[in-house]
There are 4 protein chains.
Amino acid sequence: MNLTTDTIASHNADRVARHRQLLAPWTDSVEQTETIIEKLVAFQIAIPSWALGTGGTRFGRFPGGGEPRNLEEKISDVGLLHALNRASGAISLHIPWDIPQDPKAIRQLADSYGLAFDAVNSNTFQDQPDQQESYKFGSLQHVDRAVRQQAIDHNIDVIRHGVDLGSKSLTVWLSDGSSFPGQLNFRKAFERTLGGLQDIYAALPDDWKMFVEYKAFEPNFYSTTVGDWGSSYLYASKLGPKAYTLVDLGHHLPNANIEQIVAILLMEGKLGGFHFNDSKYGDDDLTAGSIKPYQLFLIFNELVGGMDARGMNHATDLGWMIDASHNVKDPLEDLLQSVEAIQLAYAQALLVDRDALEAARDANDVVQAQELLQDAFRTDVRPLAAEARRRAGGALHPLALYRNLNIRDQLIQERGAKSIATGL
Amino acid sequence: MNLTTDTIASHNADRVARHRQLLAPWTDSVEQTETIIEKLVAFQIAIPSWALGTGGTRFGRFPGGGEPRNLEEKISDVGLLHALNRASGAISLHIPWDIPQDPKAIRQLADSYGLAFDAVNSNTFQDQPDQQESYKFGSLQHVDRAVRQQAIDHNIDVIRHGVDLGSKSLTVWLSDGSSFPGQLNFRKAFERTLGGLQDIYAALPDDWKMFVEYKAFEPNFYSTTVGDWGSSYLYASKLGPKAYTLVDLGHHLPNANIEQIVAILLMEGKLGGFHFNDSKYGDDDLTAGSIKPYQLFLIFNELVGGMDARGMNHATDLGWMIDASHNVKDPLEDLLQSVEAIQLAYAQALLVDRDALEAARDANDVVQAQELLQDAFRTDVRPLAAEARRRAGGALHPLALYRNLNIRDQLIQERGAKSIATGL
Amino acid sequence: MNLTTDTIASHNADRVARHRQLLAPWTDSVEQTETIIEKLVAFQIAIPSWALGTGGTRFGRFPGGGEPRNLEEKISDVGLLHALNRASGAISLHIPWDIPQDPKAIRQLADSYGLAFDAVNSNTFQDQPDQQESYKFGSLQHVDRAVRQQAIDHNIDVIRHGVDLGSKSLTVWLSDGSSFPGQLNFRKAFERTLGGLQDIYAALPDDWKMFVEYKAFEPNFYSTTVGDWGSSYLYASKLGPKAYTLVDLGHHLPNANIEQIVAILLMEGKLGGFHFNDSKYGDDDLTAGSIKPYQLFLIFNELVGGMDARGMNHATDLGWMIDASHNVKDPLEDLLQSVEAIQLAYAQALLVDRDALEAARDANDVVQAQELLQDAFRTDVRPLAAEARRRAGGALHPLALYRNLNIRDQLIQERGAKSIATGL
Amino acid sequence: MNLTTDTIASHNADRVARHRQLLAPWTDSVEQTETIIEKLVAFQIAIPSWALGTGGTRFGRFPGGGEPRNLEEKISDVGLLHALNRASGAISLHIPWDIPQDPKAIRQLADSYGLAFDAVNSNTFQDQPDQQESYKFGSLQHVDRAVRQQAIDHNIDVIRHGVDLGSKSLTVWLSDGSSFPGQLNFRKAFERTLGGLQDIYAALPDDWKMFVEYKAFEPNFYSTTVGDWGSSYLYASKLGPKAYTLVDLGHHLPNANIEQIVAILLMEGKLGGFHFNDSKYGDDDLTAGSIKPYQLFLIFNELVGGMDARGMNHATDLGWMIDASHNVKDPLEDLLQSVEAIQLAYAQALLVDRDALEAARDANDVVQAQELLQDAFRTDVRPLAAEARRRAGGALHPLALYRNLNIRDQLIQERGAKSIATGL
């Protein structure tokens, strides 16, 4: 399924007059408009290969149809998204679901869509059919050295695949933990896990990063061995300068102040990247910005402030990835919604008057500080995101175009109504 | 797999001396010892047919081996548990996983183990292979009348199976709800769901009860249409006198005071039954009493107080069921642990000096009221549960006997290492 | 402290050109603009008398200065807010903090500011100096009939004061509950509380409403006797048609879906009114919309949809009140922020295309339903709220005018830096 | 109010026969009985000076009567507790509430009761009458250097008082944080706070420890500058070897796994001490063990295991303190309950068969690991705590003796019904 530039141009032509109208107040009167648009153009969010099919829960899975059947089709789907929004210019693979048989061909294919390969992800939370040892009781934390070694080897293998494709980072999410009090010696589990991570770290190329993802609970329901930012920070700082913490928005206890965690990790030079999604209860993996859009904005407010304070490049110095599950939506539509929500939050954060904000803080003017953030958040920045897309060659309204073109129907025709993508 | 009375007798013979020693202080000095033991003997907890195999999460499932391959083997497993602890004298079936082909033979089989059939459970949260309509967007709440009718028909079908087996109640758990703001018209969803429940209620035999189970979230992650006790109560009171609320311990928001909910529902005559399990984060479905044993005791404290106040029979006037998932344990061992934890909480609740408690409350003597509950909870009542088992023909230490007999190994030999039970 | 119409006119004159520019796209192209503005003009939010001073926590209170020293000054403060935003046209009094010595004069004073008297609030959660019985162990739930009678008499007294002032509703918030397991017989506490509420209900004039407010916890830390909407609904339905549930946004367990609760209560005809505030952790009593503005919008989305479905008048058929605490802000500034946040959420909810929303729901088009809500929420409706203020004679930017006029300084000069308002 | 050894002897005489009966099975058959009793005798829990009066909430305070009016009476109250249970042999002071006018006399007084001085606590969360700068917007995080310096000076002053009394540690709990998004630059707040802590640390005597306490929320309701163990760990590790994290059980987000935090901090050599209490919702400051006794046991299970692994002395190498609030109980009775609950949890943790536990873990025998912990927890260890008290010269049943002697009545007579202790 390929989108021609003509298709997009024609879609844009129908909408550009109205778009110009909406953009006019911005170009007329807002000083930073150009800067924001440029930053939006540069800002790319990686699409995880496992989010292209319908997700499920332990209670069931309701497939949608037309799901990608192999890595090539996954790349094609991300290519389609990127053609539409010009903001999804990378794909994040999951091994063993996405082992490239011919890495060179796969790179060329991705290249043809303008896609890079973002972080590669290992999987030691499931048993594969041909696997020697079982991860039932964990992987790197396991009491049995053979299981740990298998998990280490797998991660090193994932790095190798990543090198072949041009990835520059490895995301390690461990489901390790325990479901019952007593099951685990927390200290020994930590030490064994650290040992395993050190072995993997040793295999990391010099220009790579390693992301240590934390999660408060699930699938283990009493403890997790990398359970919070404090633990992830401990691992990352013991590992060395190439190791970082990865923040997934759904991996926290109720009411956690994630934006403050982001600020602290940035301050310590240990924030590595993000998994975007949204949630109301747990790791619900809902569309980014669908439940708590103000929180998403506040996180970007910290990211922009914190990265600027360290002279970091917004687009390239952190890993930006979506990690969501699409149980009741067309995955591609959902991803378009997620990307737009992230762009809007980022644009609003760029709008914040930071000098005025620091001045308000220095004067303990709480009311004014709140006003400054709310001013930015209440501003309708959708014309900016649309303009960024237009300039980069994307569609003014990607979702509308996707629907007008009946893309899902075409995918179903192509791939069948029962195709099932690998993933969760 | 069958346990002879000789096997149990021999196990008990080895332990009875030590048991008598532990029981001695009870029989010597505690007045209500006999009453408690008798009540424990009478108290039976139904085993759900779906809890006999290894559970899983959306991230994976690690089967254990020897899982029951059909309804007959499920009954056999429950029969085994009951032979061991004499407290699991009922099985709760789940349709369509457990459709009895020959109900009469199945009843005879259950009878041979001394098992009754507790509540039957419908399933409108998954699509079955041969199903006309999909439950992707709900069942009784669905906007499409055909889907609702299918769900209604299924429930009526479940009742029919239950009648064949001698069940006397139907548990309706709906996963209906929404995952995104906007998805659902809450009011219409409620009304449609009520309409469906009314149709099912109409098909209920006169001597049956209908349990309306509520759940705060999962698999829907924004709203659930029967989301809390207040909603369930509304449905149940609109339905009529045969409709009741069912409380599952894991189906609440963080920090909920479940024991108070139990007290209020009992007071209103609308508590129907229980799904026992335990949890730290969400619907973790852990072994009863494994995380918050004091909460379990406090719930039984309300049950005993509230049922006595209404002259209810502890053993028969509410439905007692386990609903757990065994991801990292042998399911049968886990169920033995759950049943014992429930028995201990019940025994401790029976120990509470209720007259003294009411006197302390009437005097606003908070310290003394707390002491009275803690006195009961801190008491080691394991000898009472063991004695109840012994008198009823069960084993003094069911778990030890189960292990000594290598029952799991036998089941694996019998059924294979790869047998997978139907269920979650 | 009085604001002349000239002051406001002069403020508006400086800003009207820019305002017209921002409003232009609305008046040019949006059909419902006029309707929304009219509804905003009609929509009034009551200011609680206890929110005019600096709040505090158990750890301390940091007064700001210029706080109102008596009822007359409280009315003056609300009059000032109303002069600025023309949306705070009512005051909600708290007895015994605000007992009017000369009700007629007080009514005239309020009238001179264009203020009505909204719900009156009783206080049985504190002991007053001259009080016979103590509420240490509750009020209406208390085991001692004398305490209960004192609480009943107090509430009837509050009604009497309300009648004198032209109020039409009584808000009963009980802090009753328990801090330790065992302390309370939940059922008896419920029954005693119901009995007390019935006595108060009997004293209610025919055209009055009684609001039964619920709260999950604090100041009691184990149970509360009116703890959730289900309990409040039970009380209200047992009491009769004049009794309703009042929803305070901060009174829920973590992650509660408040908008669904609102929808259900509206559907049942038992929603009475609102206490607006915001929170991250508990009953934090923060500025409305300051933490979860999308939730506030979703609540208004249910309110607008649900009230329209019952043909209710948005402005008058529910009680709209703020209930917040201003620990680190100027209370008047905070209240201006709260009122604006509420207006914006209301305006956005009015923007929702309800026909399209129902159509999306009927088609199970989750993506489109989400888009429709997000479209409304992402729209910058501040020009509409400003226009509503302008038309009603208020200021285009109330907070800016408040600051430009140095009103707090004037209040401090008038009332002193150490004046302390009664309240929490 | 002084308890003679005769009084206690007479109380014990009445109960010793029954006590011996209960103790018999222990001394007959349990190997480690003597060791546990000895450890219990050595284990002392400090009583905070601010917990001797009735606590309150922002909604009110209901004093009980007979509260200590000065430091001398506070010491007398702790002396009384210690005389009763011989496990409260230390007092933890709070400056400026407890500034000793004549330190030498105060030390002698404490000595006469057998009391040591545990950690001294600073207070920068309230403004004192004579204070130059206000802590309204924080203390060590404050943007104004003068406020920070005042807070630093105060802490150094507290150290000085502590030195005079023989304390060896300083507990710093900061309420610093923010209540609204935007209010605070998280990074700068962290850095300023760290700077202040460094200045205080520099003033710490060589043989002192500094405890950095964290708290998730309250009195700030959006962020706290020392908000979780990760933050506290960061501060403590940047400060140096004398700085440690202090864990208060009520200072976490919902569902936090505190026992794992304890294990990690111990492993890192950065756990300093404990504030015991219990809670259901937030920082409820309820009696230790009154809500989640199994959690308390699991924490002690980690403490015993983790301290033993490092060769630490249970009694002396960590700071053990109660931090509770007694809103509806006699504070002294509540403290007796707390101390006993802590002793029981400790004794049960000592009972755990650690070799068997490690063996079960090494075999991934989850069922057995759970059984081992539950076996310990289900054991009635009250006879051991009673015996430890008896041997140390305390009462077999301290609460019963306290009540029999009508001590509260005597205190009211002595100090008046309206005496109010300083504190929260």
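For the structure given in this document, a descriptive report is provided here. (Residues numbered from 1 in each chain as written. Chains lettered and ligands numbered in written order. Predicted model: local features only at pLDDT ≥ 70, side-chain atom pairs only at ≥ 80, totals over all residues. Heavy atoms only, no water.)

Things to note about the sheet that holds strand 6 (residues 120-121) of chain C
Residues and elements named next belong to chain C.
Then, number 1: Strand order in the open sheet formed by 6 strands is 6-7-9-11-12-13, with parallel pairing between adjacent strands. Of all the strands in the sheet, just strand 6 and strand 13 (319-322) have a single pairing partner and so form its edges.
Then, number 2: Here 4 bridges tie strand 9 (residues 209-213) to strand 11 (residues 243-248), and the two strands are oriented parallel to one another. Looking at strand 11, one finds that Met210 is bridged to Ala243.
Then, number 3: Packed onto the sheet, helix 5 (residues 145-165) meets strand 6 and strand 7 (169-173) and runs at close to 150° relative to strand 7.
Then, number 4: The sheet strands contacting helix 6 (residues 186-202) are strand 7, strand 9 and strand 11, and the helix crosses strand 9 at an angle near 155°. (Pairing = 2+ DSSP bridges. Helix = DSSP H or I, 4+ residues; strand = E, 2+ residues; numbered from the N terminus. Contact = heavy atoms within 4.5 Å. Axes fitted to C-alpha atoms, helices over the stretch in contact; angles between N-to-C directions.)

With respect to the environment of C:Glu259
Then, number 1: In this fold, C:Glu259 is placed in helix 8 (residues 258-267).
Then, number 2: Sequence-distant contacts of C:Glu259, defined by excluding residues within four places in its chain, comprise B:Phe186, B:Tyr222, C:Gln295, C:Leu298, C:Ile299 and C:Glu302.
Then, number 3: At a separation of 2.6 Å, a polar atom in the side chain of C:Glu259 contacts the side chain of B:Tyr222. (Polar contact = N/O pair within 3.5 Å; in protein donor to acceptor, adjacent residues only side chain to side chain.)

As for the interface of chain D and chain A
Then, number 1: Facing 51 residues of chain D, the contacting portion of chain A comprises 51 residues.
Then, number 2: Considering only the side of chain D, the residues that lose the most area to chain A are D:Phe186, D:Arg187 and D:Met267, jointly responsible for 14% of the buried surface there.
Then, number 3: For A:Glu358, the salt bridge identified is with D:Lys188, shortest N-O distance 3.0 Å.
Then, number 4: On the surface where chain D and chain A come into contact, there are 18 residue pairs in polar contact (both at pLDDT 80 or more).
Then, number 5: For the side of chain D that touches chain A, the class distribution of residues is 24 nonpolar, 16 polar and 11 charged. (Buried area = accessible area lost by both parts, 1.4 Å probe. Salt bridge = Lys/Arg side-chain N within 4 Å of Asp/Glu carboxyl O. Nonpolar A, V, L, I, M, F, W, Y, C, P; charged D, E, K, R; others polar.)

Focus: the pairing of strand 7 of chain C
Each regular strand shows side chains that alternate between the opposite faces of the sheet.
All names here are of chain C.
Then, number 1: Of all 5 residues in strand 7, 5 are buried; the element is thus mostly enclosed.
Then, number 2: What you see with strand 7 is no split at all: Ser169, Thr171 and Trp173 on one side and Leu170 and Val172 on the other are buried throughout.
Then, number 3: Taken together, the 2 bridges between strand 6 and strand 7 define a ladder with parallel strand orientation. Counterpart to Asn121 in the pairing with strand 7 is Thr171.
Then, number 4: In this view, the connection linking strand 6 to its parallel neighbour strand 7 by way of helix 5 has right-handed handedness.
Then, number 5: For strand 7 and strand 9, the ladder comprises 5 bridges, and the chain directions are parallel. Each residue of the ladder has a partner; that of Thr171, found in strand 9, is Phe211. (Buried < 20%, exposed > 50% of the residue type's maximum accessible area, 1.4 Å probe, protein only. Right-handed = clockwise from strand over helix to strand, strands pointing away.)

Digging into the pattern of salt bridges
If charged atoms from side chains of opposite charge come close, those side chains can pair.
Then, number 1: Going through the model one piece at a time under the given rule, you end up with 102 salt bridges over all chains.
Then, number 2: The closest approach of N and O atoms between A:Asp330 and A:Arg408, which form a salt bridge, is 2.7 Å. Here A:Asp330 is found in the loop between strand 13 (319-322) and helix 10 (331-351), whereas its partner A:Arg408 is found in helix 15 (residues 407-415), with 78 residues between them in sequence. By the burial criterion, A:Asp330 is buried, and A:Arg408 matches it.
Then, number 3: We note a salt bridge from A:Arg382 to A:Asp380, for which the minimum N-O separation is 2.8 Å.
Then, number 4: A:Asp380 sits in the buried class, given a relative accessible area of 18%.
Then, number 5: Ionic contacts of the salt-bridge type, sharing partners, join the residues A:Arg58, B:Lys215, B:Glu218, B:Asp283 and B:Asp285 into one network.

As for the relation of the copies chain D and chain B
Then, number 1: It takes a turn of 180° to lay chain D on chain B, together with a shift of 0.0 Å along the axis; the resulting RMSD is 0.0 Å. Here the transformation between the copies is reduced to the relation of a two-fold axis. Distance from the rotation axis, computed per C-alpha, reaches its smallest value in chain D at D:Asp380: 2.7 Å. (Least-squares fit on C-alpha atoms with pLDDT ≥ 70 in both.)

Section: the relation of the copies chain D and chain A
Then, number 1: Laying chain D over chain A is done by rotating through 180° and shifting 0.0 Å along the axis; what remains is an RMSD of 0.0 Å.
Then, number 2: Comparing interface residues between copies, 100% of those in chain D also sit at the interface in chain A, which points to an isologous, same-surface contact.

Description of the interface of chain D and chain B
Then, number 1: With 34 residues of chain D at the interface, the matching set in chain B holds 34 residues.
Then, number 2: Of the roughly 3,000 Å² buried where chain D meets chain B, counting both sides, 47% is carbon and sulfur surface.
Then, number 3: Its largest share of buried area at the contact with chain B, chain D owes to D:Asn255, D:Val367 and D:Arg378, together 22% of the area lost on that side.
Then, number 4: Here chain D and chain B share 4 salt bridges between them.
Then, number 5: A salt bridge links D:Asp375 to B:Arg382; its shortest N-O distance comes to 3.0 Å.
Then, number 6: Between chain D and chain B we count 16 residue pairs in polar contact (both at pLDDT 80 or more) in total.
Then, number 7: Elements that contribute at least two residues to the side of chain D that touches chain B include exactly helix 9 (293-309), helix 10 (331-351), helix 12 (366-378) and helix 14 (398-404) of chain D.
Then, number 8: It is helix 12 of chain D that contributes the most residues to the side of chain D that touches chain B, 9 residues altogether.
Then, number 9: Residue classes in the side of chain D that touches chain B are distributed as 13 nonpolar, 10 polar and 11 charged.

Quick notes on the packing of aromatic side chains
Then, number 1: Using the criterion set out here, one finds 82 aromatic pairs over all chains in the structure.
Then, number 2: On the basis of an interplanar angle of 15° and a centroid distance of 5.2 Å, the ring pair of C:Phe274 and C:Phe276 is categorised as stacked.
Then, number 3: Taking the relative accessible area as the measure of exposure, C:Phe276 reaches 0% and is therefore buried.
Then, number 4: Through a chain of ring-to-ring contacts, the aromatic side chains of A:Phe43, A:Phe274, A:Phe276, A:Phe300, A:Trp320 and A:Tyr346 assemble into a single cluster.
Then, number 5: Above the plane of the ring of B:Tyr201 lies B:Lys242, whose end atom (NZ or CZ) is 5.3 Å from the centre.
Then, number 6: Across the ring face of D:Tyr244, the terminal group of D:Lys270 is positioned such that the distance to the ring centre comes to 5.6 Å. (Phe/Tyr/Trp six-rings, centres within 6.5 Å; stacked < 30°, edge-to-face > 60°. Lys NZ or Arg CZ within 6 Å of the ring centre and 35° of its normal.)

Notes on the nonpolar core
Then, number 1: Counting residues in each nonpolar core, the largest one holds 513 residues, and the members touching the most others are A:Phe300, B:Phe300, C:Phe300 and D:Phe300.
Then, number 2: The contact partners of A:Phe300, leaving out residues within four places of it in the chain, are A:Phe43, A:Phe276, A:Trp320, A:Ile342, A:Ala345, A:Tyr346 and A:Ala349. (Core = buried A, V, L, I, M, F, W, Y, C linked by side-chain atoms within 4.5 Å.)

Things to note about the sheet that holds strand 5 (residues 116-117) of chain A
Residue and element names in this part refer to chain A.
Then, number 1: An order of 1-4-5 is seen for the 3 strands of this open sheet, with the pairing classed as parallel. The sheet is open, and its two edges are formed by strand 1 (47-48) and strand 5, each paired on a single side.
Then, number 2: By the bridge criterion, 2 bridges tie strand 4 (residues 90-92) to strand 5 in an arrangement that is parallel. When the sheet's bridge partners are listed, Ile91 is paired in strand 5 with Phe117.

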